[in-house]
Amino acid sequence: MLVIWLTAYILERKSRKPQFSLLDDNTIYEMLNLSRNHIPTLASIMNFGIYPQGLFPQLCITAISVPGYEIGDIGTSDERFTDNRRIEGTLSEMLDAALIFCRNNMKTGTFIDPQTGKRTDRTEYPVKAIREAVLNALIHRDYSVHTEGTPIQINFFKDRLEIHSPGNLYGRMTVEQLGHARPDLRNPALATMAENLLQAENRYSGIPTIRREMKASGLPEPVFENRRNEFVVTLYNGTEYNPPQDSPAVSHKAGNQPENPDSGLAAHADASDRMKELLEYCRTPRSRKEIADFLNIKTTFYVTANYINPLLEKGFLQMTIPDRPKSRLQKYYTVEKSM
């Protein structure tokens with residue numbers, strides 16, 4: 001089948017460039033970036049190889065679904081993941097398998113038009129937006145030796161979907177210019193092949209499509225981030241964390257006894273006292289997990305939104321790694337300032 005695809009690709013190129021037919025096969029392979037000095041290029045291996053991961057094990061996609069808001073959160077049966085897949089094959093095969101994984105891990109709602117009675121199914125995230133984000137990762141990831149040991153990652157959480165692509169934005173492009181300026185291409189040969197093999201337009205329409213599809217679905221703006229050695233696209237489903245009624249977070253607000261009476265907080269302390277005790281605790285730099293444990297709250301997402309971020313905004317806390325706010329090594333420490 002892959003030989004047929006390669007033959008079809010060459011024939012299609014010949015149909016566009018009739019003079020190709022006058023050239024010998026080796027010259028055609030070189031001009032189409034399929035080989036260099038009779039050695040297959042990485043682009044041809046990833047598009048036409050029988051099993052590309054036999055040569056490059058980590059040029060794949062790892063996909064997980066987490067039963068919480070952060071990696072490490074566990075489900076009701078102590079499961080760390082509700083789904084966990086390693087997706088391999090050619091770029092085309094990985095794209096198809098990634099979309100199947102995403103469909104299987106998304107909620108689907110059914111809507112009935114009151115005027116026509118027509119039924120419409122709507123996925124938690126627009127499939128076109130996901131396809132563009134995954135396609136962008138497959139085509140524009142860093143394939144150099146510096147990141148060939150790093151797979152693309154697809155991470156489902158309760159409130160968001162993250163697609164991690166190895167390597168920062170390439171060339172002169174900045175996050176603010178995405179979708180508005182012509183980018184430099186990191187992998188031009190692969191991008192050209194993708195026009196035919198993956199139905200990729202290669203006209204810089206991917207980011208605008210993601211934004212448009214999210215807006216049309218009534219969902220928050222997508223977030224594009226240049227993190228350390230990776231580019232991350234985050235799609236939010238619009239849900240917010242609401243702790244169950246018997247959780248410590250709700251118990252604190254109600255003035256009830258928390259689950260752990262020996263946590264660092266007084267049982268009936270008000271919000272101001274809790275913040276003061278937290279600031280005292282953070283005189284030594286603390287991680288999100290340490291702060292969550294101190295507050296006797298299980299979810300770091302809730303702690304970050306309701307305790308850490310407000311204190312950061314008011315200047316009572318600072319980060320140990322301010323240029324990488326979402327670093328897993330991030331800690332927070334108290335700034336000497338009266339409340």
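This section reports on the structure supplied with the text. Values in this document were obtained by computation on a predicted structure and should not be read as measured data.

### Quick notes on the overall build of the protein chain
Phase 1: What the protein chain contains, in helices and strands, is 11 helices and 12 strands.
Phase 2: The long-range fraction of contacts in the protein chain, counting pairs at least 24 apart against all pairs at least 6 apart in sequence, stands at 56%.
Phase 3: As displayed, the protein chain offers around 18,800 Å² of accessible surface, 51% of which is attributable to carbon and sulfur atoms.

### Observations concerning the sheet that holds strand β10 (residues 230-236)
Phase 1: In spatial order, the strands read β4-β3-β7-β8-β10-β9; together these six strands make up an open sheet with mixed pairing. The two strands at the open ends of the sheet, each matched to only one other strand, are β4 (83-87) and β9 (223-227). For this sheet, the mean inter-axis angle between neighbouring strands, taken without regard to orientation, is 15°.
Phase 2: Pairing analysis gives five bridges linking strand β3 (residues 61-65) to β4, with the strands arranged antiparallel. Pairing of I64 across the sheet is with N84, part of β4.

### Concerning the pairing of β10
Phase 1: With six of its seven residues buried, β10 lies for the most part within the structure.
Phase 2: Bridge count for strand β8 (residues 160-166) against β10 is seven bridges, and the pairing is antiparallel. Across the sheet, the residue bridging to E162 is T234, located in β10.
Phase 3: Once β9 ends, the chain turns through two residues before running back antiparallel as β10, passing N229 with a positive phi of about 60°.

### Things to note about the environment of Y302
Phase 1: Locating Y302 in the fold gives a position in helix α11 (residues 300-313).
Phase 2: Y302 gets classed as buried once you look at its relative accessible area, which sits at 4%.
Phase 3: Residues Y302 and A292 lie 10 residues apart in sequence; the distance between their C-alpha atoms is 8.7 Å.

Calculation criteria
Residues numbered from 1 in each chain as written. Predicted model: local features only at pLDDT ≥ 70, side-chain atom pairs only at ≥ 80, totals over all residues. Heavy atoms only, no water. Helix = DSSP H or I, 4+ residues; strand = E, 2+ residues; numbered from the N terminus. Contact = heavy atoms within 4.5 Å. Areas by Shrake-Rupley, 256 points an atom, 1.4 Å probe, with all protein chains shown as cover. Pairing = 2+ DSSP bridges. Axes fitted to C-alpha atoms, helices over the stretch in contact; angles between N-to-C directions. Buried < 20%, exposed > 50% of the residue type's maximum accessible area, 1.4 Å probe, protein only.

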